[in-house]
Amino acid sequence: MTVITLDLTPEQRALRDGVADICKRYPGEYWRALDAKREYPEAFVTDLTKAGYLAALIPEDYGGAGLGIIEGALIMETIHASGGNAAACHAQMYIMGTLLRHGSEAQKRRYLPKIATGELRLQAFGVTEPNAGSDTTKLQTTAVRQGDRYVVNGQKIFISRVLQSDLMLLLARTTSVDRVKRKTEGLSVFLVDIRGVKGLEVRPLRMMMNHSTNALFFDGMEVPAENLIGEEGRGFSYILDGMNAERILVGSESIGDGRWFVDKAVAYSRQRVIFGKPLGANQGVQFPIARAHVAVEAAALMRNKAAALFDAGEPCGPEANMAKYLAAEAAWDAGNACIDCHGGYGYAEEYDVERKFREARLYKTAPINQNLVLAYVGEHVLEMPRSY
Ligand SMILES: Cc1cc2nc3c(=O)[nH]c(=O)nc-3n(C[C@H](O)[C@H](O)[C@H](O)COP(=O)(O)OP(=O)(O)OC[C@H]3O[C@@H](n4cnc5c(N)ncnc54)[C@H](O)[C@@H]3O)c2cc1C
């Protein structure tokens with residue numbers, strides 16, 4: 001039987017406190033300044049890497065800390081609850097799982113220890129395409145084998161952190177759709193060394209929040225065949241494999257956001273006096289904040305269940321999806337309650353509320369939108385007809 005612990009162990013508390021100590025060195029002013037310029041939080045990510053936190057999930061054999069997903073979740077949550085944004089470095093945690101589970105021993109020995117020390121950064125994950133969107137099986141970017149290499153042509157959209165990474169995990173079509181038996185076949189995963197690679201154009205996109213996101217254009221980009229992960233044609237299932245970790249980690253970021261919004265709203269509505277009493281004494285102000293707190297804590301419980309199952313090696317698709325869904329909604333509602341109680345100040349950049357509000361919104365859309373989570377629950381948990 002899988003046991004869900006409700007309290008943090010002493011080691012987990014120490015982990016959370018260690019991350020929080022680093023976050024204290026990067027207050028709101030730091031994130032605000034980067035947000036205005038849409039710059040990557042290089043110093044913050046370097047500090048986290050040096051302290052070993054981004055190698056939490058890499059097994060000790062490969063130079064990491066060998067911790068569980070619950071510890072990874074705690075790291076992400078703490079960054080967001082401290083007012084920061086782990087989106088700058090979250091992908092490494094969940095995409096390196098593909099290399100770990102499906103890569104050859106030679107690939108793992110070659111890359112994982114360097115990723116653990118920060119010598120190599122793997123933060124870019126190239127899946128989404130303009131003509132495929134949420135329908136990943138319709139990907140059109142091709143990787144054609146020519147001797148000892150694959151030649152990649154096509155384009156991707158919304159691919160984050162490419163300019164800040166040394167390596168990118170890329171999903172591309174190696175067999176055309178009309179030659180596969182099932183639409184989930186024919187896609188392959190590559191670990192691409194993008195340092196100075198030819199045939200790759202990166203066009204940064206200015207987004208609603210600071211997210212280092214790009215459009216990518218591949219024109220004959222060559223990838224050595226030895227950088228294919230696992231078997232050719234099975235890439236879609238490898239990527240699906242990593243989805244539960246992604247849901248749990250991203251859900252944890254939302255839980256951290258939710259806690260930040262609630263703390264900020266409580267502090268402000270206690271001290272701001274209007275009509276002769278603190279704002280928070282009005283139920284119209286207090287209840288949305290209390291409701292948001294209830295929702296954030298409920299999402300955290302579901303996240304803990306998903307993480308406990310994941311770490312026990314049990315199936316956790318329903319729980320991971322539900323945790324991501326509940327957490328993204330809870331953070332969004334908490335953000336609205338926080339903006340509302342701040343009145344006009346909620347829109348003023350120096351309060352950080354509007355920045356966090358923009359950042360928290362993303363998780364209703366990416367890495368997977370809420371509708372597709374509901375479609376998963378409808379089809380796979382409730383056994384209703386497939387909707388797409
Ligand atoms: C800031 C940012 C960073 C990103 N970073 C990355 C990255 O690093 N790597 C990467 O590969 N991708 C990344 N993405 C892409 C992201 O994963 C996609 O935007 C997302 O998966 C949705 O795809 P789409 O935008 O094409 O929307 P579409 O697939 O066009 O869907 C649009 C909307 O329609 C609805 N919808 C779609 N299909 C259904 C359905 N069957 N049933 C009901 N409703 C449906 C959903 O509400 C959805 O939001 C990023 C996106 C953003 C905004």
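What you see is a predicted model, and the numbers here were worked out from it, not measured in a lab. (Residues numbered from 1 in each chain as written. Predicted model: local features only at pLDDT ≥ 70, side-chain atom pairs only at ≥ 80, totals over all residues. Heavy atoms only, no water.)

(A) Broad picture of the overall build of the protein chain. Helix and strand content of the protein chain: twelve helices and ten strands. What you see for the protein chain is a C-alpha radius of gyration of 21 Å, in line with the 21 Å of a compact globule of 388 residues. Principal-axis analysis of the C-alpha atoms places the extent of the protein chain at approximately 80 × 45 × 40 Å. A burial count over the protein chain gives 54% of its 388 residues as buried. Carbon together with sulfur atoms contributes 53% to the accessible area of the protein chain, which is approximately 17600 Å² in total. (Helix = DSSP H or I, 4+ residues; strand = E, 2+ residues; numbered from the N terminus. Rg over C-alpha atoms; globule rule 2.2 N^0.38 Å. Buried < 20%, exposed > 50% of the residue type's maximum accessible area, 1.4 Å probe, protein only. Areas by Shrake-Rupley, 256 points an atom, 1.4 Å probe, with all protein chains shown as cover.)

(B) Layout of the site of the ligand. Lining the immediate surroundings of the ligand are 20 residues, of which Phe125, Thr128, Ser134, Phe158 and Ser160 lie closest. At 2.7 Å from a nitrogen atom of the ligand is found a main-chain nitrogen or oxygen belonging to Phe125. Considered on its own, the ligand offers 970 Å² of accessible surface; in the complex 67% of this is hidden by protein. Under a 2 Å grid-point criterion requiring more than half of the atoms, the pocket assigned to the ligand is the largest pocket. (Near = heavy atom within 4 Å. Polar contact = N/O pair within 3.5 Å; in protein donor to acceptor, adjacent residues only side chain to side chain. 1 Å grid on protein atoms, 1.4 Å probe; cavity = no way out; pocket = protein on both sides within 12 Å on 5 of 7 lines; lining within 4 Å. Sits in = over half its atoms within 2 Å of the grid points.)

(C) Fine view of the pattern of salt bridges. Enumeration over the complete set of coordinates arrives at 29 salt bridges. One salt bridge in this structure joins Glu246 and Arg247, with 2.9 Å as the shortest N-O distance. The exposure classification of Glu246 matches that of Arg247, with both residues buried. (Salt bridge = Lys/Arg side-chain N within 4 Å of Asp/Glu carboxyl O.)

(D) Spatial organisation of the packing of helix H5 (residues 90-102) against helix H8 (residues 243-271). As a packed pair, H5 and H8 sit with axes 9 Å apart at the nearest point and diverge in direction by 165°. The orientation of H5 with respect to H8, classified from their angle, is roughly antiparallel. Between H5 and H8 lies a crossing of right-handed hand. From H5, His90, Met93 and Tyr94 reach across to H8, where they touch Ala245, Glu246, Leu249, Val250 and Glu253. Looking at the contact of H5 with H8 residue by residue, the classes come out as five nonpolar, one polar and two charged. (Axes fitted to C-alpha atoms, helices over the stretch in contact; angles between N-to-C directions. Parallel < 35°, antiparallel > 145°, perpendicular 65-115°, else oblique. Left-handed = near helix turned anticlockwise from the far one by under 90°. Contact = heavy atoms within 4.5 Å. Nonpolar A, V, L, I, M, F, W, Y, C, P; charged D, E, K, R; others polar.)

(E) Local environment of the packing of aromatic side chains. What the rule picks out here adds up to ten aromatic pairs. Look at Tyr26 and Phe44: their rings are 5.3 Å apart centre to centre, the planes differ by 75°, and that puts the pair in the edge-to-face class. Taken together, the residues span a long stretch of sequence, with Tyr26 in the loop between helix H1 (10-24) and helix H2 (28-37) and Phe44 in helix H3 (residues 42-50) at a distance of 18 residues. Summarising the burial analysis for this pair, Tyr26 and Phe44 share the class buried. Where Trp332 meets Phe357, the ring centres are 4.5 Å apart and the plane angle is 20°; that geometry is what we call stacked. One end of the pair, Trp332, is in helix H10 (residues 317-342); the other, Phe357, is in helix H11 (residues 353-361), with 25 residues separating them in the sequence. Of the two residues examined, Trp332 and Phe357, each falls in the buried class. (Phe/Tyr/Trp six-rings, centres within 6.5 Å; stacked < 30°, edge-to-face > 60°.)

(F) A look at the layout of surface pockets. Considered as a void within the structure, the largest pocket measures approximately 1500 Å³ in volume. In terms of lining, the largest pocket is formed by 47 residues, of which the most central are Ser134, Thr136, Met243, Pro367 and Ile368. Contributing elements (two or more residues each) for the lining of the largest pocket: H5, strand S3 (149-160), helix H7 (235-241), H8, H10 and helix H12 (370-381). Partitioned by chemical class, the residues of the lining of the largest pocket number 23 nonpolar, 16 polar and eight charged. If you add up the space inside the second largest pocket, you get close to 410 Å³. Residue lining of the second largest pocket: 21 residues in total, with Leu6, Leu8, Ile70, Arg303 and Asn304 positioned closest to the centre. Taken together, the elements giving at least two residues each to the lining of the second largest pocket come down to H1, helix H4 (69-81) and helix H9 (283-311). The class makeup of the residues in the lining of the second largest pocket is eleven nonpolar, three polar and seven charged. (Points joined across faces, edges and corners; volume = space filled by probe spheres on them.)

(G) How the structure looks around the pairing of strand S7 (residues 213-224). As paired elements, S3 and S7 share ten bridges and run antiparallel to each other. Bridge pairing in S7 places Val152 opposite Met221. Of the strand pairs in this sheet, strand S6 (residues 200-205) and S7 are connected by six bridges, and their pairing is antiparallel. Following the sheet pairing, Leu200 is matched in S7 by Phe218. (Pairing = 2+ DSSP bridges.)

(H) Spotlight on empty space enclosed by the protein. Under the criterion given, the structure shown has three cavities of 30 Å³ or more. Its volume calculated, the second largest cavity comes out at about 50 Å³. If you trace the second largest cavity, you find it lined by Tyr94, Ile95, Thr98, Phe125, Ile239, Gly242, Met243 and Glu246. Among the secondary structure elements, those contributing two or more residues to the lining of the second largest cavity are H5 and H8. Per element, the largest residue contribution to the lining of the second largest cavity is three residues, and it comes from H5.

(I) Just the packing of H8 against H11, in detail. In the contact formed by H8 and H11, the axes pass within 11 Å of each other and the chain directions differ by 155°. The angle between H8 and H11 falls in the class roughly antiparallel. Seen from above, H8 lies across H11 with left-handed handedness. Taking contact as the criterion, the partners of Asp257, Trp260, Phe261 and Lys264 in H8 are, on H11, Val353, Lys356, Phe357 and Ala360. Across the contact of H8 with H11, the residue classes tally to five nonpolar, no polar and three charged.

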